[in-house]
Amino acid sequence: MDYIGEHLLPGQLGHFFIVLSIVASFVATFAYFRSAKSASELDGDYWKKLARIAFITEVICVVGTFVVLFYIIHSHLFEYHYAWKHSSLSLEFKYLLACFWEGQEGSFMLWSFWHCVLGLILIKTSKQWEAPVMMVVSFMQFALATMIAGIYIFNWKMGSNPFILLRDSGVLDNAPALHIGGDVNQPLRPDYLLSIKDGNDLNPLLQNYWMVIHPPVLFLGFASTIVPFAFVIAGLWKKKFGEWTKPALPWALFSAAIFGVGIMMGAMWAYESLTFGGYWAWDPVENASLVPWLILISGIHTLLIYKHTGHSLRATHLFFILSFGFVLYSTFLTRSGILGETSVHAFTDLGMNFQLLTFLLVFVVPALVYFAMRYKEIPAIKKEEAASSREFWMFIGALVFFLSALVIIGKTSLPVLNKILGTKLAPPENVEFDYNQIQIFVAIIVAALTAITQYLKYKETPTKYFWKKIALPTVIAIIAASFVLGFGDVNYEKETVGFMAAIWVAVACSIYTIIANAAYIWIGIKGKLKISGGSVAHVGFGMVLLGILISSSKKEVLSNNINGIPAPLAETEDPRENLTLVKGLTSDMGKYTLTYEGDSSHPKKELSFYKIHFKRKDGKEEFTLTPNSFVNYKGNEGLMSNPDARHYWTHDVFTYITSIANPDNTKDTASFKPVPLKINDTVFYSNGFIVMEGLNTKDSLPKELFGEKGELHEAPLKIYSKTGSIYTVTTRLAVAKGNTLSLPDTITAESIVLRLQKVNADRTIELGIKESNSIMEYVTIKAYKFPFIRLLWFGVLVTAIGILMSMVHRISQNRKSRLQS
Amino acid sequence: MKKIHIALLVLIAGAIAVLLTFLKTTSTYDTVDTAISKPGKYVHLMAKLDKSQPVEYDALKDANYLSFTAVDTLGKSVKVVYHNTKPDNFEISERLVLKGKYNDGIFNCDAIQTKCPSKYKEDMKPTDKKLQTATTESPTSNNSAESKY
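Residues numbered from 1 in each chain as written. Chains lettered and ligands numbered in written order. Predicted model: local features only at pLDDT ≥ 70, side-chain atom pairs only at ≥ 80, totals over all residues. Heavy atoms only, no water.

1. Topic: the overall build of chain B
And then number 1: What chain B contains, in helices and strands, is 4 helices and 7 strands.
And then number 2: The proportion of buried residues among the 149 residues of chain B is 44%.
And then number 3: Of the contacts made within chain B by residues no fewer than 6 positions apart, 45% connect residues no fewer than 24 positions apart.
And then number 4: Summed over its atoms, the accessible surface of chain B is roughly 7600 Å², and 59% of this surface lies on carbon and sulfur atoms. (Helix = DSSP H or I, 4+ residues; strand = E, 2+ residues; numbered from the N terminus. Buried < 20%, exposed > 50% of the residue type's maximum accessible area, 1.4 Å probe, protein only. Contact = heavy atoms within 4.5 Å. Areas by Shrake-Rupley, 256 points an atom, 1.4 Å probe, with all protein chains shown as cover.)

Given below as structure tokens:
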């Protein structure tokens, strides 16, 4: 059947690109394999040429798929499930890319795209390593291409095709109105597309500029971990066990910098625009990307040990294999739906678990088996490292990092354990503390080692030399740390005293790291900036640690008030973190007074902005924050809130909306209570009393409005609230053209409505009084103070710069040594 | 044995110890009956909102007090108190994961996770609704859609 209005060509073209990319990447894998295996140079070059053609074809296909899918999203072709599901007509241009990678298919494509870029650079630069390394990369491309294939092989669906049509996706199957005769068993109406006016839109929480830049950076980080892995495999295969480390080191450094920044961008996003109340929650999705990064860092350090001493080559192999392996494992965790209850932001299950598991195993198992087989052949030094050597402590540090990664992933894998053993274990009561209480010791050990180890020499350090060099930075660090701990008021009493002591030690150690490494640039390497990348990165790392420690332990709940009727406290009471603000009414919140001034709406979306005015009680400062919320967005109920923050050098004040007056409740159910009154009478209401001050009647009124016998009664009232406020209101009753009209007056702050209902001949009146909560406009907020959060972000930047500095240094080193040989 | 091997063993033993301790601190997924059977123990109660019972939440009175009745798949119910604002999608949620402890007739929870059919089955339900309403109005507003393509 032909359907009206469909554009089938882009989808067919896109799918053609996918299928061709599967074939091309397979050919590239095979040809690179033959090239690497061939004995004669001529034969090898022949296969290499073929492999390059195949890989470049693959690159064209991946880019082609990318362009077509973007075209579909950009042109709002809602006949395609992907465009319909992830975008909408009202979506701003900048978010079109975001909805590209909101879905699993798009994010696989993004990943694959980065491999293309990296692959082209490898072809250009890796010389004799090209064939074996690119074989691994091409095979990865093959694996990724199958993920978006959407091909059926004997009833088994391989991959999920991003170009599937909406009508084939099953979404329309249960919508009778779209089928012929309103019967779901009949085929779709030919004009069904006319009813699909708009897409489902990008999840409003993802409509954020971070969603545009964070995934590309993170996926470049993910993608780049394959390069050190591929060099390991190439080294094992060609039995050039140590040689691969030279070209692999700059790649590993690149990966560490980008990957680290990618992860922390996610943290910044969570902090700035999501309402998790922080930047890191040990959520499985966060952990899954942190773990390969930690192992990668371990691998870089053992590689440096090998480079200088010949030790730790075996460990380096293992770390690079596992770093990439855990990237695949995290892919499995976050995309298979296995995390279920334990994560708030994993992908939805696409029914590809078997394929994802195969993806993981097909890389990790052969690599580990290969490593085990060649283990004995990998050169290792029999002589023991001296306890005063740099390599000994560097290795301990790398090991601690690695084990901490294993502990994190072990805990994160609880749902996997449940699946395998059939148990029903749930995460512990206080998930964050459970991680923190262990990782704080990792932080202490690693920070202390980072501070000291640079001052040790490889092989052996003369005691005198060591103390001479490290004395000054140590003294400065002790002074700085005592100052911070003495006056910084770092108190974290939520958990045990031991934990607080650990925080203090960790704060001191991270200060030591910063100072010792900054000093090392002058003391150790005499200000030679070119080779100072490592020290710069370590300074940044120290800042990251210090930023994390201080901002987390000194995080303050500002909205920690009990507003309204206090309820009895349970024994383990959480501090009550929500504060309700009635519109126009100033409320008290710690150092500030807060006023909810009003709200405004986005012109196109169900997005509201709430103006909250903060005023310091000491009168020194006032400002307005405008957190926003999507209200009852597209079939959801409730709020999706984005916070707003005021940034200072030393801290951030941060607030977001947790609840608003339910619009359903504004349907007023309370009724007017009639009260007879005469002048100077008083009547009580729940929050005070009302005095009737007089009664005026006017009868000479314009006839065209009021008719022949028009009358207008006015009764001025004074309302005395028990809060001390006094309001005056003049209620009116009009008799016009035989009808009586009464206009209710609302005193919002007192939540009462008054209405003059009747005026009797004896100058008494009947006043209607209505008391209702629903007339109040209010918002409930949470507010936090995060101190020194900028130190963390700045530290991340410094770390990345430092790592990239050493990458540049290593590349130029490699170039020099090539020229010499 | 080399020093480095000793360090290796000590650290690995430490890591294993940490993971084993972790397994001891884990909680469990429970039904109302099993949650009541272990008062004071932190559990993940899997239930849903009992819509026949009143939900008490008034941000003006106390923004940090929500109380309702939860009922599990076996039909057992329990009164729940949550000291926070009402979570998103609370009423339309198909399943609630209530994290907390049972004590003296009340399940005190400190976190609620709402699970919506829409988030799980690829937004099927709201979509169907939308499509149907869209279709009912389609004869009158077809023009706008046609001009789009």
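2. As for the overall build of chain A
And then number 1: Helix and strand content of chain A: 20 helices and 24 strands.
And then number 2: Overall, the C-alpha framework of chain A stretches about 120 × 80 × 50 Å when taken along its three principal axes.
And then number 3: For chain A, with 821 residues in total, the buried portion stands at 57%.
And then number 4: When contacts within chain A are restricted to residue pairs at least 6 apart in sequence, long-range pairs at least 24 apart make up 69% of them.

3. Some remarks on helix α14 (residues 414–421) of chain A
Because each turn of an α-helix spans 3.6 residues, side chains separated by three or four positions in sequence point in the same direction.
And then number 1: Looking only at α14(A), the buried set comprises Leu414(A), Pro415(A), Val416(A) and Asn418(A).
And then number 2: Where the residues of α14(A) are buried, they touch α11 (313–335), α13 (390–412) and β3 (425–426) of chain A together with α1 (3–25) and β1 (27–30) of chain B.
And then number 3: Taken from the residues just after α14(A), Gly422(A) is the one with a positive phi, measuring 70°.

4. Focus: the packing of aromatic side chains
And then number 1: Evaluated as defined, the whole model comprises 55 aromatic pairs over all chains.
And then number 2: A ring pair is formed by Phe139(A) and Phe363(A), whose centres lie 5.3 Å apart and whose planes are at 50°; its orientation type is tilted. Here Phe139(A), found in helix α6 (residues 130–147), pairs with Phe363(A), found in helix α12 (residues 353–374); they are 224 residues apart in sequence, far enough to count as distant.
And then number 3: Since its relative accessible area comes to 5%, Phe363(A) is described here as buried.
And then number 4: Measuring from ring centre to ring centre gives 4.8 Å for Phe68(B) and Phe90(B), while their planes differ by 75°; the resulting arrangement is edge-to-face. On the criterion of sequence distance, the pair formed by Phe68(B) in strand β4 (residues 62–71) and Phe90(B) in the loop between β5 (77–82) and β6 (95–103) is long-range, its members being 22 residues apart. (Phe/Tyr/Trp six-rings, centres within 6.5 Å; stacked < 30°, edge-to-face > 60°.)

5. Concerning the pairing of strand β20 (residues 739–743) of chain A
Residues and elements named next belong to chain A.
And then number 1: In terms of burial, β20 is a largely surface element, 0 of the 5 residues being buried.
And then number 2: Looking at chain direction, strand β19 (residues 726–736) and β20 are connected through 5 bridges and run antiparallel. Considered in β20, the bridge of Val-735 is made with Thr-740.
And then number 3: Hairpin connection, β19 to β20: the antiparallel pair is bridged by 2 residues, and Lys-737 has positive phi, about 45°. (Pairing = 2+ DSSP bridges.)

6. Here we look at the packing of helix α7 (residues 209–224) of chain A against helix α9 (residues 245–273) of chain A
Residue and element names in this part refer to chain A.
And then number 1: Where α7 contacts α9, the two axes come as close as 8 Å, and the packing angle between them is 150°. Taken as axis vectors, α7 and α9 run roughly antiparallel relative to one another. Between α7 and α9 the crossing geometry is left-handed.
And then number 2: Class assignment for the residues of the contact of α7 with α9 results in 16 nonpolar, 7 polar and 1 charged. (Axes fitted to C-alpha atoms, helices over the stretch in contact; angles between N-to-C directions. Parallel < 35°, antiparallel > 145°, perpendicular 65-115°, else oblique. Left-handed = near helix turned anticlockwise from the far one by under 90°. Nonpolar A, V, L, I, M, F, W, Y, C, P; charged D, E, K, R; others polar.)

7. Re the pattern of salt bridges
All names here are of chain A.
And then number 1: For the structure on display, the rule yields 17 salt bridges over all chains.
And then number 2: The partner of Glu-130 in a salt bridge is Arg-52, with the nearest N and O atoms 2.5 Å apart. With a gap of 78 residues between them, Glu-130 in helix α6 and Arg-52 in helix α2 (residues 41–74) connect regions that are remote in the sequence.
And then number 3: Overall, Glu-130 belongs to the buried group, its relative accessible area being 1%.
And then number 4: The exposure class assigned to Arg-52 is partly exposed, which follows from its relative accessible area of 32%.
And then number 5: In this structure, Lys-411 and Asp-434 form a salt bridge, with 3.0 Å as the shortest nitrogen-oxygen distance. Of the two residues, Lys-411 is situated in helix α13 and Asp-434 in helix α15 (residues 431–453); the sequence distance between them amounts to 23 residues. With respect to class, Lys-411 is no different from Asp-434; both count as buried.
And then number 6: Here the residues in one salt-bridge network are Arg-616, Asp-618, Glu-621 and Arg-646, joined through shared partners. (Salt bridge = Lys/Arg side-chain N within 4 Å of Asp/Glu carboxyl O.)

8. With respect to the packing of helix α8 (residues 226–238) of chain A against α12(A)
Residues and elements named next belong to chain A.
And then number 1: Contact geometry for α8 and α12: axes closest at 10 Å, N-to-C directions at 40°. By the angle class used here, α8 and α12 are oblique. The handedness of the crossing between α8 and α12 is left-handed. Between α8, through Phe-229, Ile-233, Leu-236 and Trp-237, and α12, the contact on the second element is made entirely by Phe-363, Ala-367, Tyr-370, Phe-371 and Arg-374.

9. Looking at the pairing of strand β22 (residues 752–759) of chain A
The side chains of a regular strand alternate between both faces of the sheet.
Residues and elements named next belong to chain A.
And then number 1: Bridging between strand β21 (residues 745–747) and β22 involves 3 bridges; their strand directions are antiparallel. Across the sheet, residue Asp-745 finds its bridge partner in β22, namely Leu-754.
And then number 2: Taken together, the 7 bridges between β22 and strand β23 (residues 765–771) define a ladder with antiparallel strand orientation. Counterpart to Val-759 in the pairing with β23 is Ile-765.
And then number 3: The loop that links β22 with its antiparallel partner β23 comprises 5 residues; one of these, Arg-763, has a positive phi angle of about 65°.

10. Details of the sheet that holds strand β14 (residues 673–677) of chain A
Residue and element names in this part refer to chain A.
And then number 1: The sheet built from 4 strands is open, its strands ordered β14-β23-β22-β21 with antiparallel pairing. Looking at strand neighbours, the two that pair on one side only are β14 and β21, the edges of this open sheet. Each neighbouring strand pair of the sheet contributes to a mean axis angle of 30°, computed without reference to strand direction.

11. Some thoughts on the environment of Lys554(A)
And then number 1: Relative to the helices and strands, Lys554(A) resides in the loop between α18 (533–553) and β4 (556–557).
And then number 2: With 172 residues separating them along the chain, Lys554(A) and Lys382(A) place their C-alpha atoms 49 Å apart.

12. Comments concerning a positive patch on the surface
And then number 1: There is a patch of like positive charges on the surface, built from Lys457(A), Lys464(A), Lys468(A), Lys526(A) and Lys528(A).
And then number 2: Structurally, Lys457(A) is set in the loop between α15 and α16 (463–487). (Patch = residues over 30% accessible without salt bridge, like charges linked within 9 Å, V, L, I, M, F, W, Y side chains within 5 Å. Lys, Arg positive; Asp, Glu negative; His and termini not counted. Charge placed at Lys NZ, Arg CZ, Asp CG, Glu CD.)

13. Quick notes on unusual backbone geometry
And then number 1: Of note, Asp201(A) is a non-glycine position whose phi angle comes to about 80°, a positive value.
And then number 2: For Lys239(A), which is not a glycine, the phi torsion comes out positive at approximately 55°.

14. Quick look at α1(B)
And then number 1: Over its 23 residues, α1(B) runs 33 Å from end to end, which matches the ideal 33 Å to within 8%, given 1.5 Å per residue.
And then number 2: Residues Ile4(B), Ala7(B), Ala15(B), Val18(B) and Phe22(B) constitute the buried set of α1(B).
And then number 3: In this structure, the buried residues of α1(B) make contact with α13, α14 and α15 of chain A. (Expected span 1.5 Å × (residues − 1).)

15. Describing the confidence of the model for chain B
All names here are of chain B.
And then number 1: In this model, chain B carries an average pLDDT of 73, and 75% of its residues clear a pLDDT of 70 or more.
And then number 2: Mean pLDDT across the elements of chain B ranges from a minimum in helix α4 (residues 124–148), with 31, to a maximum in β5, with 90.
And then number 3: Below a pLDDT of 50 lies the segment residues 117–149, which in the model reaches 55 contacts outside its immediate sequence neighbourhood of four places, other chains included.
And then number 4: This complex was scored by the predictor with a pTM of 0.84 and an ipTM of 0.74. (pLDDT = per-residue confidence, 0-100.)

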